[in-house]
Amino acid sequence: MADVTKQTKGGLARAKSLSPKKRSEIASNAAQARYAALQATHGSSDHPLRIGDAEIPCYVLEDGTRVLSQRGLQTGIGMSISGGTLGEQRMAGFVEGLAKKGIDIKDLSARIRNPIRFRFPGGGRTAYGLEATILADICDVVLTARKAKVLVPQQEHIADQCELLVRGFARVGIIALVDEATGYQADRTKDALSKILEAFIAKELQPWLPTFPADFYRELFRLRGLPFPSDTVRRPQYFGWLTNDMVYRRIAPGVLEELQKVTPRSDETGRYKYKFFQRLTANAGYPKLREHLGSVVSIMKLSTDWADFKAKLDRIHPRFDKTLEMPFEFKDDDGKGL
């Protein structure tokens with residue numbers, strides 16, 4: 001206590017030695033530091049992050065931090081908006097209650113109780129947000145609590161909402177979704193890619209069905225100048241590369257990359273464990289694939305050779321990626337260009 005008193009007396013003595021103007025300047029600087037807010041450079045309440053039925057306003061700040069609106073996050077996980085002038089007490093109290101029941105909440109309480117103050121794009125009023133990745137952390141804690149059976153009946157709907165959220169952003173990632181919704185990723189139309197992938201890529205593995213018609217491979221062998229084998233289903237390994245180029249890169253933007261991301265590989269061979277078409281949705285992705293294959297086979301049958309086919313295919317079904325044509329050809333084992 002003596003030390004504290006000595007420090008306090010020292011501070012008072014220093015304050016008395018300063019001019020009124022200097023004391024005012026120090027007080028003003030302290031207030032500005034306390035109430036300083038980062039500027040949001042991207043984002044609008046008109047273009048929220050959409051995950052299922054949840055809509056959460058999101059922003060990218062001048063230092064690159066991605067934030068979710070505090071109130072939007074609260075409603076996004078199924079909680080009513082109440083509790084505290086900044087809106088964080090209700091969420092913090094909820095996770096702290098789980099900690100008392102033995103759930104490891106890590107640093108969630110401190111993060112929720114210390115929101116990020118920021119100004120909306122273009123200046124104007126300020127708001128409070130939480131770093132975007134906290135949404136996944138909250139969902140993890142809530143789902144862990146449900147598994148441990150420590151939630152009360154009135155909290156079960158929060159766990160149900162968290163499960164829906166996890167399913168919604170597990171594949172693409174919360175940072176990519178925020179960038180897309182805010183326009184931070186300027187070379188994409190807002191929310192276009194996430195909508196396409198949600199429509200085309202299934203969350204669960206679909207049952208295997210015969211999908212590629214025999215004519216597809218028969219014509220592919222012909223156009224590549226190879227004899228069609230009638231006694232085996234084995235095909236040259238590079239046919240997989242050709243199929244990706246002819247089909248999955250052309251049915252919708254980003255589909256091939258997402259299929260490669262969500263389809264696991266075998267530890268032994270390094271090959272994909274499942275056919276890509278098993279990850280397509282039944283209502284949009286799979287029907288579009290069948291439609292595209294029918295068109296591709298027709299183009300194959302109308303083509304005299306591989307070069308003729310590629311020219312027709314590029315004109316009728318151009319690739320959705322922006323990869324430039326290479327100034328050389330790949331060669332297969334027989335020396336033919338790919």
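Structure first, text after, so check above.
As the structure is a computational prediction, the values presented were derived from the model and not from experiment.

Each value, and the rule that gives it
- Residues numbered from 1 in each chain as written.
- Predicted model: local features only at pLDDT ≥ 70, side-chain atom pairs only at ≥ 80, totals over all residues.
- Heavy atoms only, no water.
- Salt bridge = Lys/Arg side-chain N within 4 Å of Asp/Glu carboxyl O.
- Helix = DSSP H or I, 4+ residues; strand = E, 2+ residues; numbered from the N terminus.
- Buried < 20%, exposed > 50% of the residue type's maximum accessible area, 1.4 Å probe, protein only.
- Disulfide = S-S within 2.5 Å.
- Polar contact = N/O pair within 3.5 Å; in protein donor to acceptor, adjacent residues only side chain to side chain.
- Pairing = 2+ DSSP bridges.
- Axes fitted to C-alpha atoms, helices over the stretch in contact; angles between N-to-C directions.
- Left-handed = near helix turned anticlockwise from the far one by under 90°.
- Contact = heavy atoms within 4.5 Å.
- Nonpolar A, V, L, I, M, F, W, Y, C, P; charged D, E, K, R; others polar.
- Phe/Tyr/Trp six-rings, centres within 6.5 Å; stacked < 30°, edge-to-face > 60°.

S.K.: When you look at the pattern of salt bridges in this model, what are you seeing that I'm missing?
M.R.: Should the charged atoms of two oppositely charged side chains come close, the side chains can pair. Going through the model one piece at a time under the given rule, you end up with 14 salt bridges. We note a salt bridge from Arg146 to Glu163, for which the minimum N-O separation is 2.7 Å. Taken as a pair, Arg146 in helix 6 (residues 134–147) and Glu163 in helix 7 (residues 156–169) lie far apart in primary sequence, 17 residues in all. Accessibility expressed as a relative area gives 26% for Arg146, which makes it partly exposed. The partner of Asp245 in a salt bridge is Arg250, with the nearest N and O atoms 3.3 Å apart. Classification of Arg250 as buried rests on a relative accessible area of 4%. Salt bridges here are not isolated pairs; linked through shared partners, they connect Asp245, Arg250, Lys310, Asp314 and Arg319.

S.K.: Where do I start with the state of the cysteines in this structure?
M.R.: Counted by the stated rule, this structure contains zero disulfides. Here Cys139 is not cross-linked by a disulfide; its sulfur's nearest cysteine counterpart is in Cys162, at 3.7 Å.

S.K.: Hey, could you run me through the side chain of Asp245 in this one?
M.R.: For Asp245, the position within the fold is in helix 11 (residues 239–248). A relative accessible area of 3% places Asp245 in the buried class. A distance of 2.6 Å separates a polar atom in the side chain of Asp245 from a polar atom in the side chain of Arg319.

S.K.: For this particular structure, what's the right way to read unusual backbone geometry?
M.R.: What is expected of a backbone is that most residues other than glycine have negative phi and most peptide bonds are trans. Even without being glycine, Lys106 reaches a positive phi, approximately 55 degrees. For Lys106, the location among the structural elements is in the loop between helix 4 (89–100) and helix 5 (108–113). Under the relative-accessibility criterion, Lys106 is labelled exposed at 68%. Positive phi values are uncommon outside glycine, yet Lys149 reaches one of about 60 degrees.

S.K.: Could you clarify how one ought to interpret the pairing of strand 4 (residues 58–61) in this entry?
M.R.: Moving residue by residue along a regular strand, the side chains alternate between the two faces of the sheet. Covered by surrounding structure in strand 4 are Cys58 and Val60 together with Tyr59 and Leu61, the residues of both alternating faces. Note: strand 1 (residues 38–42) against strand 4, two bridges, orientation antiparallel. In the strand pairing of strand 4, His42 is matched with Val60. The pairing of strand 4 with strand 5 (residues 66–69) spans three bridges and is classified as antiparallel. When the sheet's bridge partners are listed, Tyr59 is paired in strand 5 with Val67. The antiparallel pairing of strand 4 with strand 5 creates a hairpin that spans four residues between the two strands, and Gly64 there sits at a positive phi of about 90 degrees.

S.K.: Before we go on, may I ask you to explain the sheet that holds strand 5 in this structure?
M.R.: Backbone hydrogen bonds are what pair the strands of a sheet, in a parallel or an antiparallel way. The sheet built from five strands closes into a barrel, its strands ordered 1-4-5-7-6 with mixed pairing. The mean inter-strand angle of the sheet, taken between neighbouring strand axes irrespective of direction, is 55 degrees.

S.K.: Sorry if this is basic, but what is going on with the packing of helix 11 against helix 14 (residues 306–316) here?
M.R.: Working note: a packed helix pair is described by the angle between its axes plus the distance between those axes. Running from amino to carboxyl end, helix 11 crosses helix 14 at an angle of 30 degrees, the nearest separation of the two axes being 11 Å. Taken as a pair, helix 11 and helix 14 cross one another with a handedness that is left-handed. For the pair formed by helix 11 and helix 14, the contact residues are Leu242, Asp245 and Met246 on the first element and Trp306, Phe309, Lys310 and Leu313 on the second. Split by residue class, the contact of helix 11 with helix 14 holds five nonpolar, no polar and two charged.

S.K.: What should I look at first to understand the packing of aromatic side chains in this one?
M.R.: Two measures describe an aromatic ring pair: the distance that separates the ring centres and the angle between the ring planes. Counted under the stated rule, the structure contains eight aromatic pairs. Residues Phe221 and Phe239 carry aromatic rings whose centres are separated by 5.0 Å and whose planes lie at 65 degrees to one another, so their mutual orientation is edge-to-face. Highlighted residues: Phe221 in helix 10 (residues 214–223) and Phe239 in helix 11, separated in sequence by 18 residues. Each of the two residues, Phe221 as well as Phe239, counts as buried.

It is worth stressing that arrangement in space is one thing and function is another; only the former is reported here.
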